[in-house]
Amino acid sequence: MKIYFENVGCFAKRGIQKIFDKTIEITNGNVDNIVIGVKFVSEDEIRLLNKNFRNIDKVTDVLSFPMLEIKEPQSLSEFDSQREFDGELNLGDIAICTKRAKEQAKEYGNSYKRELSFLALHGLLHCLGYDHIEKEEEKKMMSLAEEILADFNLKRRTNV
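This text gives an overview of the structure that appears in the document. (Residues numbered from 1 in each chain as written. Predicted model: local features only at pLDDT ≥ 70, side-chain atom pairs only at ≥ 80, totals over all residues. Heavy atoms only, no water.)

Topologically, Asn 110 is positioned in the loop between α3 (98–108) and α4 (112–127). Polar contacts involving the side chain of Asn 110 include one to the side chain of Glu 115, which spans 3.4 Å. (Helix = DSSP H or I, 4+ residues; strand = E, 2+ residues; numbered from the N terminus. Polar contact = N/O pair within 3.5 Å; in protein donor to acceptor, adjacent residues only side chain to side chain.)

Quick look at the packing of α4 against helix α5 (residues 135–151) now. It is the contact of α4 with α5, at a shortest axis distance of 10 Å, that shows an interaxial angle of 130 degrees. Relative to α5, the element α4 lies oblique. Between α4 and α5 the crossing geometry is right-handed. Here α4 contributes Arg 114, Ser 117, Phe 118, Leu 121, His 122, Leu 125 and His 126 to the contact with α5, which in turn contributes Met 141, Met 142, Leu 144, Ala 145, Glu 146, Ile 148 and Leu 149. (Axes fitted to C-alpha atoms, helices over the stretch in contact; angles between N-to-C directions. Parallel < 35°, antiparallel > 145°, perpendicular 65-115°, else oblique. Left-handed = near helix turned anticlockwise from the far one by under 90°. Contact = heavy atoms within 4.5 Å.)

All right, on to the packing of aromatic side chains then. Enumeration over the complete set of coordinates arrives at one aromatic pair. Measuring from ring centre to ring centre gives 5.0 Å for Phe 53 and Phe 65, while their planes differ by 65 degrees; the resulting arrangement is edge-to-face. Residue Phe 53 is found in helix α2 (residues 43–54), and its partner Phe 65 is found in strand β3 (residues 62–66); the two are separated by 12 residues along the sequence. Lys 102 extends its terminal NZ or CZ atom over the ring of Tyr 112, reaching a point 5.5 Å from the ring centre. (Phe/Tyr/Trp six-rings, centres within 6.5 Å; stacked < 30°, edge-to-face > 60°. Lys NZ or Arg CZ within 6 Å of the ring centre and 35° of its normal.)

Attention now moves to helix α1 (residues 10–28). Between its first and last C-alpha, α1 extends 26 Å over 19 residues, near the 27 Å set by a 1.5 Å rise per residue. Every buried residue of α1 is accounted for by Ala 12, Ile 16, Ile 19, Phe 20, Thr 23, Ile 24 and Asn 28. Down the axis of α1, the buried side of the element spans an arc of 140 degrees, and every buried residue falls inside it. Opposite its buried face, α1 presents the exposed residues Cys 10, Arg 14 and Lys 18, each directed more than 90 degrees away. (Expected span 1.5 Å × (residues − 1). Buried < 20%, exposed > 50% of the residue type's maximum accessible area, 1.4 Å probe, protein only. Arc of directions from axis to C-beta.)

Take a look at the structure:
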């Protein structure tokens, strides 16, 4: 999986790359040439994105902009016809508000690394068709996220 990063430091890039690779491996198998964008943004920028795309005029922690209409548990191989001219399958983009991530890490008793990792993974799962509107969907999505993060020793309230 190739990730196009913007405003993301090397420390975060390596961790997010590993988490995303593991997520693709366990959710959709080995599909070649998958790409996604990850951008760290300010409160002003995420508020503007939230207002423009969701008509909600407030700061949030993470926004996902899926390019494919995946309904979990669909495989990415079902979307081969939607590849770009260069063969890339674009999952979409993720915007993460770093200030909110810092605040939430403190509020939840997590490390900043754990919170950024969780928000990036949360965004990826949305791009892969996971959702949390219904209670059962939320339970499945959160369970998967916790399982993946635990593989990287990023458990809740243990990485402060």
